[in-house]
Amino acid sequence: MHDIRAIRENPAAFDAALGKRGLSAMSPDILALDEARRAKITASETAQAEANAAAKQIGAAKAKGDEDEFNRLRALTAEAKSQIAALDAEAKAEDAKLTDLLMRIPNLPHDDVPQGADENYNVEMYRWGTPHEHGYKPKEHFELTAVQGGMDFETAAKISGSRFVILSGAVARVHRALAQFMLDVHTTENDLTEVNGPVLVRDEAMLGTGQLPKFSEDSYQTTNGWWLIPTSEVTLTNIVSGTTLNEPDLPRRFTAHSLCFRSEAGSAGRDTSGMLRQHQFEKVEMVSVTKPEHSRAELDRMTKCAEGILERLDLPYRTLVLCTGDIGFGAQRTHDIEVWLPGQDTYREISSCSVCGDFQARRMNARFKRDGAKKPEFVHTLNGSGLAVGRCLIAVLENGQQFDGSVTLPAVLHPYLGGKTGISAQGELV
RNA sequence: GGAGACGUGGCCGAGUGGUCGAAGGCGCUCCCCUGCUAAGGGAGUAGACGACUUGAAAUCGUCUCGAGGGUUCGAAUCCCUUCGUCUCCGCCA
């Protein structure tokens, strides 16, 4: 959510920043709404001030026992009543219009974000690891002999439909091991606080992080109104909603392993085979809440935390900075990490780390007070995957595949697998 | 799920229709006094929004006593809805 005062003060800068995203100027519409809104507020408040003054006189008249004056004033204010109600309703309507518009405008990109229209203009910042030479055409994860019994799309479809999977046996165990491993690294080495929270949330939470009001069709809602979180960014970031933190409390860093639910509306036909794109998946998420001056550096730190997981798993990856035309709704700057998938012969997104500045903080009224300061300021928020567990499973399986149909698993996972080091062609942990 | 109670400023806590944005206490800030493992006296101490202003301050106004709506000339006080907390019962991992 944008600061209407900032737009009022410098509409040209606002429009220029929107322009970088490929959006046309919005400040004329916004300022027109704002002016109308303020005019209505003034009208409404003036009328109310008069009514309030009259009401006080009525009280005084009654105290004095002046019945004539009392009745005269009563009639007068009664008449003004409906007029005030109408003015107040108008003022509220204008205000709601402006708020609704502002809530649907995306964040402004950071100055250091490369400009571009779409994903083709994203810039690779970093590349790590060398894709393994398999000596044959590598298989996709769902084709691997070792996972044939442990990754069942047909049965899942019978129960739930497309874009679901049932993992079992060794594959399910490796999936679980990955999540445990990620959480352990984040909590013991990256100084993140582990959180286990709700996956069902209210409208307010989804509005706060930006999924609502614009992207309601991307998420699922229960019959009684709860939303199923599309990412635990929603839960983790909203921990600080409506609060004023003290300066020494910052930064706050959270991590959580949770289920995520996405309707994948609009992605019909994309990534339909395998478990790359599911309605329900697990993700280890990272969220940071920082002072404004630290948020940009925090993005680099968070990116490193995510990259570190891949490095320990010995999975080749590259990191991109998204261009102005490709960053998400709430982000000022986004780093996408793409892992090497030999079966697809390409890099695929496995993490996305974003700094949101005060965009989410304004929506959820999350503030902090500097030592000695009187007025609180908005915090800055960041979120990133660390990592998507299902996609990481895919990467581990595809990169570890052997010619004989077995899979060799990364050494850091062995302790989570009872010392086992791979999956046999028959699908057993060995 | 059933029955009931409650939700007031940073905290505790008064206030059941008329100068209540709200007594009192605690905490905090400033000043004075005193002098040492402390105490006493005084003053101050919510926020959002709008108008004015280059900006800020000051000033004026509106709103806010969980949230939203209603009754009334007037509501923290009455009514409805809703969210939350607590107690008892039921059920359950």
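Anyway, here's the lowdown on the structure attached to this text. Remember, it's a predicted structure, so these values are computed and weren't measured experimentally.

## A few points about the overall build of chain A
Turning to step 1, where the next piece is worked out: The helix and strand inventory of chain A stands at eleven helices and 18 strands.
Turning to step 2, where the next piece is worked out: Taken along the three principal axes of its C-alpha coordinates, chain A extends 100 × 45 × 45 Å.
Turning to step 3, where the next piece is worked out: For chain A, buried positions account for 47% of its 430 residues.
Turning to step 4, where the next piece is worked out: On chain A, roughly 20400 Å² of surface is accessible, and the fraction owed to carbon and sulfur atoms is 49%.
Turning to step 5, where the next piece is worked out: For chain A, the distance from the average site of its 48 positive side-chain charges to the average site of its 60 negative ones is 4 Å.

## Description of the protein's contact with RNA strand B
Turning to step 1, where the next piece is worked out: The immediate surroundings of RNA strand B are formed by 19 residues, with Arg5, Glu45, Gln48, Asn52 and Arg202 found nearest.
Turning to step 2, where the next piece is worked out: Among atoms of RNA strand B positioned within 4 Å of the protein, sugar and phosphate together represent 79%.
Turning to step 3, where the next piece is worked out: Note that a phosphate oxygen of RNA strand B is positioned 3.2 Å from one of the side-chain N or O atoms of Arg37.
Turning to step 4, where the next piece is worked out: Between Lys92 and RNA strand B, the recorded distance is 3.5 Å, taken from a side-chain N or O atom to a phosphate oxygen.
Turning to step 5, where the next piece is worked out: Contributing elements (two or more residues each) for the surface near RNA strand B: helix H1 (4-9), helix H3 (27-64) and helix H4 (67-103).

## A word on unusual backbone geometry
Turning to step 1, where the next piece is worked out: Here the amide bond leading from Leu212 into Pro213 is cis, since omega sits at 5 degrees, within 30 degrees of zero.
Turning to step 2, where the next piece is worked out: With respect to the helices and strands, the residue Pro213 is situated in the loop between helix H7 (203-209) and strand E6 (220-221).
Turning to step 3, where the next piece is worked out: With omega at 10 degrees, the peptide bond leading from Gly386 into Leu387 counts as cis.
Turning to step 4, where the next piece is worked out: Structurally, Leu387 is set in strand E16 (residues 380-388).
Turning to step 5, where the next piece is worked out: Positive phi is not limited to glycine here, since Asp271 has a value of about 50 degrees.
Turning to step 6, where the next piece is worked out: By secondary structure assignment, the location of Asp271 is in the loop between strand E9 (252-261) and strand E10 (280-290).
Turning to step 7, where the next piece is worked out: The residue Asp345 is not glycine, and still its phi comes out positive at about 55 degrees.
Turning to step 8, where the next piece is worked out: Mapping Asp345 onto the fold places it in the loop between strand E12 (333-341) and strand E13 (346-357).
Turning to step 9, where the next piece is worked out: Judged by its relative accessible area of 58%, Asp345 falls in the exposed class.

## Some thoughts on the nonpolar core
Turning to step 1, where the next piece is worked out: Judged by nonpolar contacts, the single largest core of 49 residues is most densely connected at Val174, Leu178, Met182 and Ile423.
Turning to step 2, where the next piece is worked out: For this core, the leading source of residues is helix H6 (residues 169-188), giving ten residues.

## Concerning the sheet that holds strand E14 (residues 367-369)
Turning to step 1, where the next piece is worked out: Taken together, the three strands give an open sheet; going across it, the order is E8-E14-E15, and neighbouring strands pair in mixed fashion. Where the open sheet ends on each side, the last strands, each with one partner, are strand E8 (244-246) and strand E15 (377-378).
Turning to step 2, where the next piece is worked out: Inspection of the sheet shows E8 paired to E14 by three bridges, in the parallel sense. Across the sheet, residue Asn246 finds its bridge partner in E14, namely Lys369.

## Observations concerning the pattern of salt bridges
Turning to step 1, where the next piece is worked out: The full count for this structure, using the stated rule, is 28 salt bridges.
Turning to step 2, where the next piece is worked out: A salt bridge links Lys40 to Glu90; the shortest N-O distance between them is 2.6 Å. In this pair, Lys40 is assigned in helix H3 and Glu90 in helix H4, connecting sequence segments 50 residues apart.
Turning to step 3, where the next piece is worked out: Classification of Glu90 by relative accessible area gives partly exposed; the value is 34%.
Turning to step 4, where the next piece is worked out: One salt bridge connects Glu293 with Arg370, and the closest N-O pair in it is separated by 3.0 Å. One end of the pair, Glu293, is in the loop between E10 and helix H9 (295-312); the other, Arg370, is in the loop between E14 and E15, and 77 residues separate them in sequence.
Turning to step 5, where the next piece is worked out: Overlapping salt bridges, with partners in common, bring together Arg8, Asp34, Arg37, Arg38 and Asp95 in one network.

Rules of the game
Residues numbered from 1 in each chain as written. Chains lettered and ligands numbered in written order. Predicted model: local features only at pLDDT ≥ 70, side-chain atom pairs only at ≥ 80, totals over all residues. Heavy atoms only, no water. Helix = DSSP H or I, 4+ residues; strand = E, 2+ residues; numbered from the N terminus. Buried < 20%, exposed > 50% of the residue type's maximum accessible area, 1.4 Å probe, protein only. Areas by Shrake-Rupley, 256 points an atom, 1.4 Å probe, with all protein chains shown as cover. Lys, Arg positive; Asp, Glu negative; His and termini not counted. Charge placed at Lys NZ, Arg CZ, Asp CG, Glu CD. Near = heavy atom within 4 Å. Polar contact = N/O pair within 3.5 Å; in protein donor to acceptor, adjacent residues only side chain to side chain. Core = buried A, V, L, I, M, F, W, Y, C linked by side-chain atoms within 4.5 Å. Pairing = 2+ DSSP bridges. Salt bridge = Lys/Arg side-chain N within 4 Å of Asp/Glu carboxyl O.

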